[in-house]
Amino acid sequence: MSETRPVITEHALLPVSPGQEHVFELAFSEARSITASMAGFRNFSFSRSVESPSTYLLLGDGLPRPTARLL
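Basis of the calculations
- Residues numbered from 1 in each chain as written.
- Predicted model: local features only at pLDDT ≥ 70, side-chain atom pairs only at ≥ 80, totals over all residues.
- Heavy atoms only, no water.
- Helix = DSSP H or I, 4+ residues; strand = E, 2+ residues; numbered from the N terminus.
- Expected span 1.5 Å × (residues − 1).
- Bend = angle between axes of the 7 residues up to and from the residue.
- Buried < 20%, exposed > 50% of the residue type's maximum accessible area, 1.4 Å probe, protein only.
- Contact = heavy atoms within 4.5 Å.
- Phe/Tyr/Trp six-rings, centres within 6.5 Å; stacked < 30°, edge-to-face > 60°.
- Pairing = 2+ DSSP bridges.
- Polar contact = N/O pair within 3.5 Å; in protein donor to acceptor, adjacent residues only side chain to side chain.
- Axes fitted to C-alpha atoms, helices over the stretch in contact; angles between N-to-C directions.

Description of helix 1 (residues 21–36)
A turn of α-helix holds 3.6 residues, and therefore any two residues three or four places apart point the same way. Between the first and last C-alpha of helix 1 there are 22 Å, a value that for 16 residues agrees with the 22 Å anticipated at 1.5 Å per step. The sharpest bend along helix 1 comes to roughly 35°, located at Glu30. Listed in full, the buried residues belonging to helix 1 are Glu21, Phe28 and Thr35. In this structure, the buried side of helix 1 is in contact with strand 2 (41–48) and strand 3 (55–62).

Focus on the packing of aromatic side chains
Counting across every chain of the model gives six aromatic pairs. Aromatic pair Phe28 and Phe44: ring centres 5.7 Å apart, planes at 85°, arrangement edge-to-face. Within this pair, whereas Phe28 is found in helix 1, its partner Phe44 is found in strand 2, the two being separated by 16 residues in sequence. Residue classification places Phe28 among the buried residues on the basis of a relative accessible area of 13%. By relative accessible area, which is 10% here, Phe44 ends up buried.

Digging into the pairing of strand 2
With seven bridges connecting them, strand 2 and strand 3 associate as antiparallel partners. When the bridges of strand 3 are listed, Ser45 appears paired with Leu59. Between strand 2 and strand 3, which pair antiparallel one after the other, the connecting turn spans six residues.

Overview of the side chain of Glu21
Note on placement: Glu21 falls in helix 1. Taking relative accessible area as the criterion, Glu21 reaches 11% and is therefore assigned buried. Of note is the side chain of Glu21, whose polar atom sits 3.0 Å from the backbone nitrogen of Gly19.

Focus: the sheet that holds strand 2
An order of 1-3-2 is seen for the three strands of this open sheet, with the pairing classed as antiparallel. Edge positions in the sheet fall to strand 1 (8–15) and strand 2, since each of these pairs with one other strand and no more. On average, each strand axis in the sheet is tilted by 15° relative to the strand beside it, whichever way the strands run. Seen against the sheet, helix 1 touches strand 1, strand 2 and strand 3 and runs at an angle of roughly 175° to strand 2.

The structure is reproduced here in structure tokens:
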């Protein structure tokens, strides 16, 4: 029988200076490969708020690690 490890979902609200959303999105797309290489990384989603277009929601799933955070 295989061991089931818990998955932790973390979130972050990321406010961006108005007018800088495109720059932020480009920088974040470059950071995806760094995030994907982190130990315990599983998945993340990145969404722009409809109600507040300068705010983004980052959701990340990963395995628990004792000394570091996923996000």
